[in-house]
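# Inside the fold
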Amino acid sequence: MQKFRKATHTDLTAILTILEAAIRRLGAAGVDQWQHGYPNRERIEADIEEGVGYVIEQEGEVVAYGAVIFTGEPSYREIEGAWLTHEEDYVVVHRMCVADKVVGCGFGRSFMQQVEALARGRVRSFRVDTHADNRVMQSLLPKLGFQRCGIIYFESRYLVAFEKLIA
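Sequence order sets the numbering: in each chain, residues are counted from 1 along the sequence as written. Residues qualify for local features only when their pLDDT is at least 70, as the model is predicted, and side-chain atom pairs are given and counted only at 80 or more; totals for whole chains, interfaces and linings, by contrast, use all residues. Side-chain calculation: all heavy atoms of the structure are included, whereas hydrogens and water are not.

## A word on the environment of Val93
Think of it this way: any DSSP run of H or I at least four residues long counts as a helix, any run of E at least two long counts as a strand, and we number them from the N terminus. Assignment of secondary structure puts Val93 in strand β5 (residues 91–98). In this structure, Val93 is in contact with Ala67, Val68, Phe111, Met112, Val115, Phe126, Arg127 and Val128, ignoring residues within four places of it in sequence. The contact rule is simple, with two residues in contact once any of their heavy atoms fall within 4.5 Å.

Below, the structure is given as structure tokens:
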């Protein structure tokens, strides 16, 4: 049975293991995303402290992680293209990753669906970005109803931006 919940400090070791595996998978696939020391332990600890870190637990084991943020994303203020909404209030997911042993089992999809359920009634919009070479995420998002909106820039990298209306 799956459980979607806020991450706690007792989850840190499992989250870091999942994150390190995701970093290796991206690198092996030739994707430059997360290959330069970010995200790291300090960022995950901060996510937990800020109350934005969430996990999916399957049979008592953490198998997915992501940051679920309702306070906006500064890099989303400027976009080459156009967001679907001009809303200031939206939910965004960052740093989503799944454990090696469950890759391809739908936990990334489930994480995004759980975030949408959490956000429904609270905000009208769900935004996310991903590295231009991250084909897995770019394939998943349209299947979940996200529309590609354009390009945003973060620390000299360009990222593909998506949005979904969830009203």
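## Considering the nonpolar core
Remark: nonpolar core denotes a set of buried residues (Ala, Val, Leu, Ile, Met, Phe, Trp, Tyr, Cys) joined through side-chain atoms within 4.5 Å. Remark: exposure states derive from per-residue accessible area (1.4 Å probe, protein chains only) relative to the maximum for the residue type, with buried under 20%, exposed over 50%, and partly exposed in between. In terms of nonpolar packing, the biggest core is built from 59 residues, with Phe111 and Met112 touching the most fellow members. It is helix α1 (residues 12–28) that provides the largest number of residues to this core, a total of eight residues. Not counting the four nearest positions on each side in its chain, Met112 is found in contact with Val93, Met96, Phe126, Val128, Met137, Leu141, Leu144 and Phe146.

## Here's the deal with the packing of aromatic side chains
Here the distance between the centres and the angle between the planes together describe a pair of aromatic rings. Put simply, two rings from Phe, Tyr or Trp (the six-membered ring, in Trp's case) pair if the centres are within 6.5 Å, and we call them stacked under 30 degrees between planes, edge-to-face over 60, tilted for the rest. Tallied over the entire structure, the rule returns five aromatic pairs. On the numbers, 5.0 Å between centres and 45° between planes, the contact of Tyr76 with Trp83 is tilted. What makes Tyr76 buried here is its relative accessible area of 2%. The buried category is assigned to Trp83, whose relative accessible area is 12%. On the numbers, 6.1 Å between centres and 25° between planes, the contact of Tyr76 with Tyr90 is stacked. You can see Tyr76 sitting in the loop between β3 (61–69) and β4 (80–81) and its partner Tyr90 sitting in the loop between β4 and β5, a full 14 residues away along the chain. Members of the aromatic cluster, each reached through a chain of ring pairs, are Phe4, Tyr54 and Phe111. Cation over ring: Arg122 sits above Phe70, and NZ or CZ is 3.6 Å from the ring centre. Charge-over-ring placement is defined geometrically: NZ (Lys) or CZ (Arg) within 6 Å of the ring centre, and within 35 degrees of the ring normal.

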